[in-house]
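Here's the letter readout for the chains.
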Amino acid sequence: MNLKTLIDILRNEQKVHEKILAAKKQERRCLAVGDAKGLLKITETIQDLVDEVTDWEKKRLFLTGEIARQLGIEKEQPTLRDLLTVLPPENNAELEKAGSALRELLFRLRLDNQSNKQMLENAIETMNLQFSDWIKPKESGVYNRQGHKGKPALGRAGLNVRA
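Just so you know, these numbers come straight off a predicted model, no measurement behind them. (Residues numbered from 1 in each chain as written. Predicted model: local features only at pLDDT ≥ 70, side-chain atom pairs only at ≥ 80, totals over all residues. Heavy atoms only, no water.)

Trainee: Even after reading the chapter, I still don't get the packing of helix H1 (residues 3-33) against helix H4 (residues 89-134), so can you show me in this structure?
Mentor: Between two packed helices, the angle of one axis relative to the other and the distance separating the axes together describe the packing. Between H1 and H4, the shortest axis-to-axis distance is 9 Å and the interhelical angle comes to 20°. On the basis of the axis angle, H1 is roughly parallel to H4. The handedness of the crossing between H1 and H4 is left-handed. For the contact of H1 with H4, the class distribution of residues is 17 nonpolar, 7 polar and 10 charged. (Axes fitted to C-alpha atoms, helices over the stretch in contact; angles between N-to-C directions. Helix = DSSP H or I, 4+ residues; strand = E, 2+ residues; numbered from the N terminus. Parallel < 35°, antiparallel > 145°, perpendicular 65-115°, else oblique. Left-handed = near helix turned anticlockwise from the far one by under 90°. Nonpolar A, V, L, I, M, F, W, Y, C, P; charged D, E, K, R; others polar.)

Below, the structure is given as structure tokens:
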């Protein structure tokens, strides 16, 4: 069994997630001050890190499946928890610790993503309010072919039937 390799993969995946978490904090700073260039740069960095973590995740899933088959677990996508239920106790501690650390980090990352999303939505809402103060909606009307405002055609009950 390659438990040591699996634990190493978990630790490497965790390191990349920690880099993503740090980048997300930097992203929040860029959002707060409206630094578009900085936001673009950090977004590119985050995308590169996401690609890297995806590679580690694929390795982890493949190795987890291999170990599960060796342990007789017949499940299409076995999890670390599945492995922990059948592994001897002496092997459980380190694997459980690595899995828990990764799970906790992913939870923190999810919270940061939600926070950044809320900050971005608030910024967009504020901008829309400011724009609506500057740009008043124009009065609608009926225009003729020359582009001049004409009198509305009245139809039944005095309604503009062209509109």
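Trainee: How should I be thinking about the environment of Gly-38 in this particular structure?
Mentor: With respect to the helices and strands, Gly-38 occurs in helix H2 (residues 36-70). Taking relative accessible area as the criterion, Gly-38 reaches 18% and is therefore assigned buried. The sequence separation of Gly-38 and Gln-26 amounts to 12 residues, and the corresponding C-alpha distance is 8.8 Å. (Buried < 20%, exposed > 50% of the residue type's maximum accessible area, 1.4 Å probe, protein only.)

Trainee: Explain the environment of His-17 here, please?
Mentor: Here His-17 shows up in helix H1. Along the sequence, His-17 and Glu-52 sit 35 residues apart, while their C-alpha atoms lie 9.5 Å from each other. Leaving out residues up to four positions away in the same chain, His-17 has contacts with Val-53, Leu-102, Leu-105, Leu-106 and Leu-109. (Contact = heavy atoms within 4.5 Å.)

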